[in-house]
Amino acid sequence: MTPLFGPEPLRVLVQGVTGNEGTYWTEQMLGYGSRVVAGCTPGKGGQHVGPVPVYSTVLDALDAHAIDVSVIFVPARFAKGAALEAIEAGVPNVVVVAEFVPIHDTMEILATAKRAEARVIGPNCPGIVFPGRDFIGIMPGWSERLFAPGRIGVVSRSGSLGALVNLQLVEAGLGQSAFLGLGGDPMVGTTFVDALAMFEADPGTDAVVLLGEVGGLMEEDAAEAIATTTKPVVSFIAGANAPEGKKMGHAGALVSNGRGTAASKMQSLRAAGAAVAEVPTDIVSLLA
Amino acid sequence: MFIEEADAKALFAAAGIPTPIGALADSAVVARQVGESLGPVMVKAQVPSGKRGKAGGIVAASTPTQAAEAATRLLGAEFAGVVVERVLVEAQVDIARELYVAVTVDPQRRCPVIIVSASGGVDIEEVNAESPQAVHRVEIPIADGLEAAAALDIAALLGLAESHTPTLAGLLVTLYGLFRSLDAQLVEINPLAIDASGALIALDAKLIIDDNALFRQGGLPAQRPSGTALEQRAAEQDFLLVELDGDVGVLANGAGLTMSTMDAVSAQGGRPANFLEVGGMAYKRATPALALVLSNPNVRSLLVNLCGAYARTDVIAEGLIAGWKELAPEVPVSFCIHGTGEERARMLVETELGISPHDTMVAAVNEAVANAADATAAAAAAANDASAEATT
């Protein structure tokens, strides 16, 4: 897999580049220094979005450019087609922003990615930010209130909770080596376990902030992984007040049959040696 | 979307899975008529929720009179907060064995998984907890699907008589096909009975379809509204609102921040009144979101906690200010605003509402919790005064 970390900006393809969201975020990414080298919209090859050349297919874009990552700005019902096109064409990293992607489509995307040894981030994710280098997705990487170059690796299922904690890190004079927004769906391509491995391998990361939420078993899996990693982990789990059987905004944030509660996740993480904050505003003090 | 048993059975039967003979009844009269034509029957409450059996929603009736009585008892009763409008009246089956079969999504393994057990007819979670070796889970590669040879291997795990194994394998292939074609999160038959003649028959049918795939799933029965009146009103406006029993109304952007805000309210000794997020695409619709939160009469204090990333806080603030001016609510409101668009958002709230947002989330939460406590104390004092006056 092509690494996401490193000094050089990633070469980015934007799928759905001519749509409102695709165009807006392409401009924002370029403004921050992200290397958006190509865009893709079926039937719109030959056009430009700002300085970015548009191709009709991912294969056409790959003929003309080396691509490290594709970010997909198409509506949920078209996300599978776009993601499979990128993966099958050989794009090594794919970021799926759309919320409400059918879970059968996600299973197909992830099965294809596994065969192709490609990495998928999302669906339903805010993207990734490497402060001072680039961002890919829909987090405002340019915001100096939220992001500053630094040595804390932040990984979050939620963009908004990630924003809150990033703000506090920056206010405390700490910056981030990277922010990885994994997405709020019950099944996502990149998990906390994957993120912990990336931060463990990254020489620019000293400690990890892991922001989980109720539902699923991703945090429990992360707790197992923490037992074998060396960098300190500070965690917060959102949703201690989530009633059973109710989706809390994210499709994945669902406590069912007593499983996936904040309490059980916090207990697993604490037992694995992570420091667990009771409220997100305590994270900075636990990093000290 | 939870498909009620009768509708799920119709889909299963159309695909070739045998189900008992039966009919829906919306009155005791119809239930009696069905009982008269079928003999001993099961009368089953139709609600979009599992576990109704344990709650008394399934009744055996050996005579038409008993069938009518069961229907009278079940119709209009509530199971998991939903009123029973129909009962399924089915011929009783002479059961020799009860199996369990299901296909679901395994989010950790990221693929479909078939679950089978020879210990059907009871809660499979309990079977799994007590004797996990009795529950077999087999992952299915989604690109290949369930092939006939693999289905035979899975069926053979149950150690049934040889004649049953190919029949069960065929049923599993059909069930997997339904799982895929219906965009299901779960298809489950519990129990799948072997009757006295040795035939397989689905005594129950559970089907949950992925809400995100409803756009391509035509021909499904209409979904019955569920949840509280407030939750239903929110759903009609495409908001996901969860009503809680507290008095601090919560408005935040994004699922993670909204949950965390509720958690912070609780940590300060307050009680959140709701979950409602105005993030994602909903950030342009803060006005109706505000109206929903304030329409809950239990709300005595409002907390607005914004930390914009994708969602622009200035756009949310504009929506809230418009709603606030229109509704002129009497509850106190506490703001904390950070992230995308924060300077303009703070300026708008200060100039338009005359309220200074707090610098930290903790300060805003503390104020909102204190405001709710004050309002509750004042209301209690007023109620005391009123009752004192009434007695004098």
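Residues numbered from 1 in each chain as written. Chains lettered and ligands numbered in written order. Predicted model: local features only at pLDDT ≥ 70, side-chain atom pairs only at ≥ 80, totals over all residues. Heavy atoms only, no water.

This paragraph deals with the overall build of chain B. Looking only at helices and strands, chain B features 12 helices and 18 strands. In terms of overall size, chain B is more extended than a compact globule, its C-alpha atoms giving a radius of gyration of 27 Å where 392 residues would be expected to give roughly 21 Å. Overall, chain B is about 80 × 60 × 40 Å in size when its C-alpha atoms are taken along their principal axes. Classification of the 392 residues of chain B by burial places 50% in the buried group. Approximately 16400 Å² of chain B is accessible, and the part contributed by carbon and sulfur atoms is 53%. Measuring between centres, the 25 positive side-chain charges of chain B sit 3 Å from its 48 negative side-chain charges. (Helix = DSSP H or I, 4+ residues; strand = E, 2+ residues; numbered from the N terminus. Rg over C-alpha atoms; globule rule 2.2 N^0.38 Å. Buried < 20%, exposed > 50% of the residue type's maximum accessible area, 1.4 Å probe, protein only. Areas by Shrake-Rupley, 256 points an atom, 1.4 Å probe, with all protein chains shown as cover. Lys, Arg positive; Asp, Glu negative; His and termini not counted. Charge placed at Lys NZ, Arg CZ, Asp CG, Glu CD.)

Our focus in this paragraph is the sheet that holds strand S11 (residues 176-181) of chain A. Residue and element names in this part refer to chain A. Pairing is mixed across the open sheet formed by 7 strands, whose spatial order is S9-S8-S11-S10-S12-S13-S14. One side of each edge strand has no neighbouring strand; the edge strands of this open sheet are strand S9 (134-137) and strand S14 (275-276). One ladder, built from 2 bridges, connects strand S13 (residues 233-238) with S14; its direction is parallel. Residue pairing for S14: Ser 235 is matched across the bridge by Val 276. Contacts from helix H1 (residues 20-32) reach strand S8 (127-130) and S9 within the one sheet, and its direction differs from that of S9 by about 165°. (Pairing = 2+ DSSP bridges. Contact = heavy atoms within 4.5 Å. Axes fitted to C-alpha atoms, helices over the stretch in contact; angles between N-to-C directions.)

Each partner contributes residues to the interface: chain B has 49 residues there, and chain A has 56 residues. Roughly 4100 Å² of surface becomes buried between chain B and chain A when both sides are summed, with 61% attributable to carbon and sulfur atoms. Interface area lost by chain B to chain A is led by Arg 110, Met 259 and Tyr 310 of chain B, which between them contribute 16%. Our count for the contact surface shared by chain B and chain A stands at 5 salt bridges. Of the charged contacts in the structure, one is a salt bridge between Arg 180 of chain B and Glu 108 of chain A, with a shortest N-O distance of 3.0 Å. The interface formed by chain B and chain A holds 20 residue pairs in polar contact (both at pLDDT 80 or more) in total. Every element with two or more residues in the side of chain B that touches chain A is listed here: strand S8 (95-106), strand S9 (111-117), helix H6 (164-181), strand S11 (184-195), helix H8 (255-267), strand S17 (301-308) and helix H12 (361-391) of chain B. The biggest single contributor to the side of chain B that touches chain A is H8 of chain B, with 10 residues. (Buried area = accessible area lost by both parts, 1.4 Å probe. Salt bridge = Lys/Arg side-chain N within 4 Å of Asp/Glu carboxyl O. Polar contact = N/O pair within 3.5 Å; in protein donor to acceptor, adjacent residues only side chain to side chain.)

Next up on the list: the packing of aromatic side chains. Residue and element names in this part refer to chain A. In total, this model carries 11 aromatic pairs over all chains according to the counting rule given. Centre to centre, the rings of Phe 147 and Phe 179 are 6.1 Å apart; their planes meet at 55°, and the pair counts as tilted. Linking Phe 147 in the loop between S9 and strand S10 (149-156) with Phe 179 in strand S11, this pair joins segments that are 32 residues apart in sequence. Each member of the pair, Phe 147 as well as Phe 179, is classed as buried. Over the face of the ring belonging to Phe 130 we find Arg 133, whose NZ or CZ atom lies 4.0 Å from the ring centre. (Phe/Tyr/Trp six-rings, centres within 6.5 Å; stacked < 30°, edge-to-face > 60°. Lys NZ or Arg CZ within 6 Å of the ring centre and 35° of its normal.)

In this structure, Val 71, Val 155 and Leu 180 of chain A together with Leu 251 and Leu 302 of chain B are the most contacted members of the largest nonpolar core, which totals 130 residues. For Leu 180 of chain A, the contacting residues outside a window of four places in its chain are Gly 127, Ile 128, Phe 130, Val 154, Val 155, Ser 156, Ala 195, Met 198 and Phe 199 of chain A. With 70 residues, the next largest nonpolar core counts Val 74 and Val 96 of chain A together with Ile 154 and Ala 202 of chain B among its residues. (Core = buried A, V, L, I, M, F, W, Y, C linked by side-chain atoms within 4.5 Å.)

Residue and element names in this part refer to chain B. Taken N-terminus to C-terminus, the directions of helix H10 (residues 313-327) and helix H11 (residues 342-353) make an angle of 15°; their axes are 7 Å apart at the nearest point. Taken as axis vectors, H10 and H11 run roughly parallel relative to one another. At the point where H10 passes H11, the crossing takes the right-handed sense. Between H10, through Thr 313, Asp 314, Ala 317, Glu 318, Ile 321, Trp 324 and Lys 325, and H11, the contact on the second element is made entirely by Glu 342, Arg 344, Ala 345, Leu 348, Val 349, Glu 352 and Leu 353. For the contact of H10 with H11, the class distribution of residues is 7 nonpolar, 1 polar and 6 charged. (Parallel < 35°, antiparallel > 145°, perpendicular 65-115°, else oblique. Left-handed = near helix turned anticlockwise from the far one by under 90°. Nonpolar A, V, L, I, M, F, W, Y, C, P; charged D, E, K, R; others polar.)

On to the side chain of Asp 247 of chain B, then. Residue and element names in this part refer to chain B. The topology assignment puts Asp 247 in the loop between strand S14 (241-243) and strand S15 (248-252). Although buried, Asp 247 forms no salt bridge, and the nearest oppositely charged side chain, Arg 271, lies 4.1 Å from it. Apart from the residues within four sequence positions on either side, Asp 247 is in contact with Arg 271, Pro 272, Ala 273, Asn 298, Val 299, Arg 300, Ser 301, Ala 372 and Thr 376.

Before going further, it helps to examine the pattern of salt bridges. Summed over all chains, the structure comprises 33 salt bridges over all chains. Where Arg 11 of chain A meets Asp 68 of chain A, a salt bridge forms, and the shortest distance between an N and an O atom there is 3.0 Å. Highlighted residues: Arg 11 of chain A in strand S1 (residues 11-15) and Asp 68 of chain A in the loop between helix H2 (58-64) and strand S5 (69-72), separated in sequence by 57 residues. Residue classification places Arg 11 of chain A among the partly exposed positions, given a relative accessible area of 28%. Note that Arg 312 of chain B is salt-bridged to Asp 314 of chain B, the shortest N-O span being 3.1 Å.

On to the side chain of Ser 235 of chain A. Residue and element names in this part refer to chain A. Considering the arrangement of structural elements, one finds Ser 235 in strand S13. Within polar-contact distance, the side chain of Ser 235 engages the backbone oxygen of Leu 210 at 2.9 Å. Look past the residues within four positions of Ser 235 in its chain and what remains in contact with it is Leu 210, Leu 269, Ala 275, Val 276 and Ala 277.

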